[in-house]
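Summary of structural features
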Amino acid sequence: MSSEQVSKSKVHLSVENIGGIDNLSTSFEPGVTVLAGRNATNRTSLLRSIMAAHGSDDVALKGDADEGSVELTIGDETYTRTFERQGELIQVTATEADTQVLLLA
């Protein structure tokens, strides 16, 4: 997908059990998006979820959850990362364009 196609594509994000987010499904239209709100409204958790979909390891599962996930769809491409607590470690599985990768964080 070219950068021009990406900039004109609607983006959809689904998040489950990441940071302070129980469950979230939202879309972003092309252009500028501003996150505004009071403290403790999960803006940072939303940003970390977007980062996680792009491959960041700076992801925290909710304290009461053993697994979580992030799915980011840009145009016709979907990127999914799932997180599973295994003792002190978080197992990460990433699916990108029909390729699955297993990581330990």
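Residues numbered from 1 in each chain as written. Predicted model: local features only at pLDDT ≥ 70, side-chain atom pairs only at ≥ 80, totals over all residues. Heavy atoms only, no water.

Description of the side chain of serine 56
For the record, the criterion: Starting at the N terminus, helices and strands are each numbered in turn, a helix being any DSSP run of H or I of at least four residues and a strand any DSSP run of E of at least two. Throughout, a contact is declared for two residues whenever any of their heavy atoms are within 4.5 Å.
Its place among the elements puts serine 56 in the loop between helix H2 (43-53) and strand S3 (67-74). Not counting residues up to four positions away in its chain, the partners in contact with serine 56 are Met51 and Arg81.

Focus: the pairing of S3
Each regular strand displays side chains that alternate between the two surfaces of the sheet. Short version of the rule: Remark: exposure states derive from per-residue accessible area (1.4 Å probe, protein chains only) relative to the maximum for the residue type, with buried under 20%, exposed over 50%, and partly exposed in between. In short, DSSP must find at least two bridges between two strands for them to pair.
Counting buried positions over the eight residues of S3 gives six, a clear majority of the element. Bridge count between strand S1 (residues 11-18) and S3: six bridges; the pairing is antiparallel. Paired with valine 11 across the strands is isoleucine 74, a residue of S3. Remark: two residues form the turn of the hairpin made by S3 and strand S4 (residues 77-86), two consecutive strands paired antiparallel; glycine 75 in that turn has positive phi of roughly 65°.

Quick look at the pairing of S4
Relative to S4, S3 runs antiparallel, the two being bridged by eight bridges. Each bridged residue has a counterpart across the sheet, and for threonine 73 the counterpart in S4 is threonine 78.

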